Amino acid sequence: MSYRAYKYERELKELKEKESPDGSTCLISLYVPPNRAIADFVQELSDEIGTATNIRSKFTQKNVVSALRNVIGKLRLYGHKAPESGLAIFAGATADSGHKDFKLESYVFEPKDPISRKLYVCDNRFHVEHLIEKLGEKDVFALLAIDSAKATIATLKGDHVQIIKSTRSGAAKKHRKGGQSSVRYARLRVEAIARYLKRVADEMKQYFLEDAKYELKGVIIGGPGQTKDQIIEHFDPRLRDKVVGIKNLGYGGDEGGINELVENSEEVLEGIAIMEEKQLVRRFKDALIAGKANYGEQQVRENLIMGAVEVLLISESVNKTRVIATCKNCNHIIEKTLDPIDVDNFSSTLQKDQCSQCKSVNWNVVLKDLIMDLGDLAEKTSTQVEIISSQTEEGRQIESFGGICVILRYVVT
Ligand SMILES: [Zn+2]
């Protein structure tokens, strides 16, 4: 999984858990559909600030107004209209785990999948469910069910199947009626089928390459006969390279065929994710032999800071916390990686420790998940980051190297 997808998913899940102080209604969720006029939303939120004067609790009223002002500020950064896929903004006072303290937070998302509807909610939680629903739909596949009489093209996005087009071959039946020369009949049929295959291949090219609104992950083809194998020769090379599965079906080139193809595609899709991980792990092991790889947090961190890393591979099973403590007096920084269970202990001990530089005892402590800490560091140096699952053999190999591995751009001495 790419780091971007991992991070997005993780941020949304963290946002889902956040609560307002004592359950007060002061957390704003705003969804702006693609290309909508920003001014309309600024106006609407300004009206909400006016309405907020009716809120009886002064505490809630203050927090609602701050959150609304914050959202308006974020909106204004976009100029006249919302981006092409729209945006979602969340803002408000969120409580810490014991509801002892709270702070104003805000988050802006520009999702890959367009925001489908407008939403404004002020509640005691953030409404992220519409974005979470779309998480499973990251990759788009082209489906083609085909036989010699009919073809149906569809897209598969998560569990969602959309039929794009059905078309008939127009070729005559396999067995001729009496009266025609059998040789001529067979030749006409072969020619008609070739034209039909070319037509379907052109339609696939048009839809998935020329008019494509997204990057295609793969093409899966199915059907009862040989037509499904023959059509590949007619594909644009770019589509041919993306064929990840060819399936024998009981159904033909209609919707029934598409449905059967979807049922059969699960293992293909799983196989792709595993194959990508396999390739990455193989690359890592080859690089290790060539001296162009490294592992272990300390080494990897140094390589990342040098900008020497091409690919960072992190196992999703890495469960550590990076503690970053800053002296509030002189900005001296102490960083340490700990097991999550040891963090509280470390923090409370630290609060009694003197700063080695200025001798004051006043620390600001920030906690970061180690995967996110290294991922963010890698992104700063345009390093490709891959989160490796822990379910597969390849994942376990990465775990055996401590779960943190890098393929280097050059040999580091
Ligand atoms: Zn200090």
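For every chain, the first residue of the written sequence is number 1, and numbering continues from 1 onward in sequence order. Thresholds applied to this predicted model are a pLDDT of at least 70 for local features of residues and 80 or more for the giving and counting of side-chain atom pairs; totals over whole chains, interfaces and linings are not thresholded and use all residues. Neither water nor hydrogens contribute to the side-chain values; these are computed over all heavy atoms in the structure.

A. Region of the structure containing the sheet that holds strand S6 (residues 150–157). Should DSSP find at least two bridges between two strands, the strands are regarded as paired. To qualify as a helix, a DSSP run of H or I must reach at least 4 residues; to qualify as a strand, a run of E must reach at least 2; elements of each kind are numbered from the N terminus. If you trace the five strands from one edge of the open sheet to the other, you get S7-S6-S5-S8-S9, paired in mixed fashion. The sheet terminates laterally at strand S7 (160–168) and strand S9 (243–248), the two strands that pair on one side only. Neighbour-to-neighbour, the strand axes of the sheet open up by a mean angle of 20 degrees, direction not taken into account. As paired elements, strand S8 (residues 216–223) and S9 share five bridges and run parallel to each other. From the neighbouring strand, Ile 220 faces S9, where its bridge partner is Gly 245. Any two residues whose heavy atoms approach within 4.5 Å at even a single point are treated as in contact. Angles run from 0 to 180 degrees between N-to-C directions of axes, and those axes are lines fitted to C-alpha atoms, restricted for helices to the stretch in contact. The sheet strands contacting helix H8 (residues 255–264) are strand S5 (140–146), S6, S7, S8 and S9, and the helix crosses S5 at an angle near 130 degrees. The sheet contacts of helix H9 (residues 266–289) involve S5, S6, S8 and S9, and relative to S9 the element is tilted by about 150 degrees.

B. Representation of the packing of H9 against helix H13 (residues 393–400) within the structure. As a packed pair, H9 and H13 sit with axes 9 Å apart at the nearest point and diverge in direction by 35 degrees. Along this stretch, H9 crosses H13, giving a crossing that reads as left-handed. On H13, the residues that touch Ile 274, Glu 277, Lys 278, Val 281, Phe 284 and Lys 285 of H9 are Glu 394, Gln 397 and Ile 398. Polarity classes work like this: nonpolar for Ala, Val, Leu, Ile, Met, Phe, Trp, Tyr, Cys and Pro, charged for Asp, Glu, Lys and Arg, and polar for all others, with Gly in that last group. Grouping the constituent residues of the contact of H9 with H13 by class yields four nonpolar, one polar and four charged. Crossing chirality is assigned from the near helix's rotation relative to the far helix, an anticlockwise turn below a right angle marking it left-handed and a clockwise turn marking it right-handed.

C. Structural view of the domain arrangement of the protein. Domain delimitation in this document rests on an assignment produced automatically or drawn from a domain database. Entries for the protein in the domain assignment read domain 1 (3–135), domain 2 (139–264) and domain 3 (275–408). Placing the centre of domain 1 and that of domain 3 at their C-alpha centroids yields a distance of 31 Å. Between domain 1 and domain 3, roughly 690 Å² of surface is buried when both sides are summed, and carbon and sulfur atoms account for 63% of that area. Looking only at domain 1, the three residues that lose the most surface to domain 3 are Tyr 3, Tyr 6 and Arg 10, adding up to 81% of its buried area. We define a salt bridge as a side-chain nitrogen of Lys or Arg found within 4 Å of a carboxyl oxygen belonging to Asp or Glu. Counting across the domain 1 and domain 3 interface gives three salt bridges. Put simply, buried area is the surface a 1.4 Å probe can reach on two separate parts but cannot reach once they are joined, added for both.

D. View of the coordination of the zinc ion. Only nitrogen, oxygen and sulfur atoms qualify as donors, provided they sit within 2.8 Å of the metal or within 3.2 Å for Na, K and Ca; with water excluded from the atoms, sites may seem incomplete. Summarising the metal site, the zinc ion is bound by the protein donors Cys 327 (SG), Cys 330 (SG), Cys 355 (SG) and Cys 358 (SG), whose distances to it range over 2.2 to 2.4 Å. One can describe the donor arrangement at the zinc ion as tetrahedral, given that its four donor atoms subtend angles of 100 to 113 degrees at the metal. Summarised as a motif, the one-chain spacing of the donors to the zinc ion is C-x2-C-x24-C-x2-C. Placement of the pair is Cys 330 in the loop between strand S12 (321–327) and strand S13 (333–338) and Cys 355 in the loop between helix H11 (343–350) and strand S14 (363–369), with a sequence separation of 25 residues. Sites are called tetrahedral only when four donors show all angles between 85 and 135 degrees, square planar or octahedral only when four or six donors show opposite pairs over 155 degrees and all other angles between 65 and 115, and irregular in any remaining case.

E. Broad picture of the nonpolar core. Formed by 36 residues in total, the largest nonpolar core has its most connected members in Val 71, Leu 75, Phe 90 and Leu 131. The set of elements that each furnish at least two residues to this core consists of helix H1 (3–17), strand S1 (27–32), helix H2 (38–51), helix H3 (58–76), strand S2 (87–95) and strand S4 (119–123). Sequence-distant contacts of Val 71, defined by excluding residues within four places in its chain, comprise Ile 28, Leu 30, Leu 45, Ile 89 and Ala 91. For the purposes of this section, nonpolar cores are sets of buried Ala, Val, Leu, Ile, Met, Phe, Trp, Tyr and Cys residues that join through side-chain atoms within 4.5 Å. Any residue under 20% of the maximum accessible area for its type is buried, any over 50% is exposed, and the rest in between are partly exposed; the area is computed with a 1.4 Å probe on protein chains only. One finds Ala 171, Ala 201, Met 204 and Phe 235 within the second-largest nonpolar core, a separate group that totals 22 residues.

F. View of the pattern of salt bridges. For the structure on display, the rule yields 25 salt bridges. The partner of Lys 18 in a salt bridge is Glu 105, with the nearest N and O atoms 3.3 Å apart. In this pair, Lys 18 is assigned in the loop between H1 and S1 and Glu 105 in strand S3 (residues 102–109), connecting sequence segments 87 residues apart. We classify Lys 18 as partly exposed; its relative accessible area is 23%. What makes Glu 105 buried here is its relative accessible area of 11%. Connected through salt bridges with shared partners, the residues Glu 297, Arg 301, Arg 322, Glu 335 and Asp 373 form a single ionic network.

G. Here's a closer look at the sheet that holds strand S11 (residues 309–315). Reading across the sheet, the four strands line up as S10-S16-S11-S15 and stay open at both edges, with mixed pairing between neighbours. The open sheet terminates on both sides in strands that have one partner only, identified here as strand S10 (293–295) and strand S15 (384–388). On average, adjacent strands in this sheet sit at an angle of 20 degrees to one another, irrespective of strand direction. Pairing between S11 and strand S16 (residues 404–408): five bridges, direction antiparallel. Looking at the pairing, Ile 314 lines up with Ile 404 of S16. Sitting on the sheet, helix H10 (residues 297–306) is in contact with S10, S11 and S16, with an inclination near 35 degrees to S16. Across the sheet, H13 lies against S11, S15 and S16, angled at about 100 degrees from S11, the strand it touches most.

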